[in-house]
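# Residue-level structural notes
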Amino acid sequence: KYRGGIRTIIVPAGYLGGAFWGGFFIALSGNRNSATVAASIFVVALFVSLLHSPNRTMVCLNIGFALLTIIFIAVEWLVYNPILEFVTLYYGV
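Our subject in this report is the structure included herewith.

How each quantity is defined
- Residues numbered from 1 in each chain as written.
- Predicted model: local features only at pLDDT ≥ 70, side-chain atom pairs only at ≥ 80, totals over all residues.
- Heavy atoms only, no water.
- Helix = DSSP H or I, 4+ residues; strand = E, 2+ residues; numbered from the N terminus.
- Buried < 20%, exposed > 50% of the residue type's maximum accessible area, 1.4 Å probe, protein only.
- Contact = heavy atoms within 4.5 Å.
- Areas by Shrake-Rupley, 256 points an atom, 1.4 Å probe, with all protein chains shown as cover.
- Phe/Tyr/Trp six-rings, centres within 6.5 Å; stacked < 30°, edge-to-face > 60°.
- Lys NZ or Arg CZ within 6 Å of the ring centre and 35° of its normal.
- Salt bridge = Lys/Arg side-chain N within 4 Å of Asp/Glu carboxyl O.
- Expected span 1.5 Å × (residues − 1).
- Bend = angle between axes of the 7 residues up to and from the residue.

Quick look at the overall build of the protein chain now. The secondary structure content of the protein chain amounts to four helices and zero strands. Reading the secondary structure of the protein chain in the N-to-C direction produces α-α-α-α. Taken along the three principal axes of its C-alpha coordinates, the protein chain extends 50 × 30 × 15 Å. In the protein chain, which comprises 93 residues, the share counted as buried stands at 26%. In the protein chain, the share of contacts with a sequence separation of at least 24, taken over all contacts with a separation of at least 6, comes to 51%. Looking at the protein chain as shown, the accessible area adds up to about 6600 Å², and 72% of this sits on carbon and sulfur atoms.

Here it is, written out as structure tokens:
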């Protein structure tokens, strides 16, 4: 149930935000440096969203995805080259 606000503006905002962030991750998944920047922004956004997490499940999911992305960043720069591009492309799609 909606309380306050204009329904015709609130409802499409989620779709537009999802399309924007999907396009952002797809555009930055092209090479190693830009994929690292995109993954780092994703990790920072996950840690910032921990301030507003409503329950334990969301906290565990945020920490899990942040740690998984940090591991992929480390693997990208230390072991195997194109893995982070695929991960950021997956996040975008």
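Next comes the rest of the account.
Now for the environment of glycine 14. Turning to its location among the elements, glycine 14 is positioned in helix 1 (residues 7–27). Sequence spacing of glycine 14 and asparagine 62 is 48 residues, and the spatial spacing of their C-alpha atoms is 19 Å.

With that settled, consider the packing of aromatic side chains. Where two aromatic rings form a pair, the distance of their centres and the angle of their planes describe that pair. Summed over all chains, the structure comprises eight aromatic pairs. The interplanar angle of 75° and the centroid separation of 5.1 Å between the aromatic rings of phenylalanine 20 and tryptophan 21 together place this pair among those described as edge-to-face. In this structure tryptophan 21 comes out as partly exposed when scored by relative accessible area, which is 44%. Relative to tyrosine 91, the ring of phenylalanine 25 lies with its centre 6.3 Å away and its plane at 70°, an arrangement referred to as edge-to-face. Linking phenylalanine 25 in helix 1 with tyrosine 91 in helix 4 (residues 83–92), this pair joins segments that are 66 residues apart in sequence. With respect to burial, phenylalanine 25 and tyrosine 91 carry one shared label: buried. Ring-pair connections join several aromatic residues into one group, and the members of that group are Phe20, Trp21, Phe24, Phe25, Phe42, Tyr90 and Tyr91. For arginine 32, the ring lying beneath its charged end belongs to tryptophan 77, and the centroid distance is 3.9 Å.

The next subject is the pattern of salt bridges. Per the counting criterion, the structure on display carries one salt bridge. A salt bridge links arginine 32 to glutamate 76; the shortest N-O distance between them is 3.5 Å. Of the two residues, arginine 32 is situated in helix 2 (residues 32–49) and glutamate 76 in helix 3 (residues 56–78); the sequence distance between them amounts to 44 residues. You can call arginine 32 partly exposed: its relative accessible area is 27%.

Take helix 1 next. When the terminal C-alpha atoms of helix 1 are compared, their 31 Å separation across 21 residues agrees well with the 30 Å that a helix rising 1.5 Å per residue should span. At alanine 13, helix 1 shows its largest bend, some 30°. Those residues of helix 1 lying buried are Gly22, Phe24 and Phe25. Looking at the buried residues of helix 1, the elements they touch are helix 2 and helix 4.

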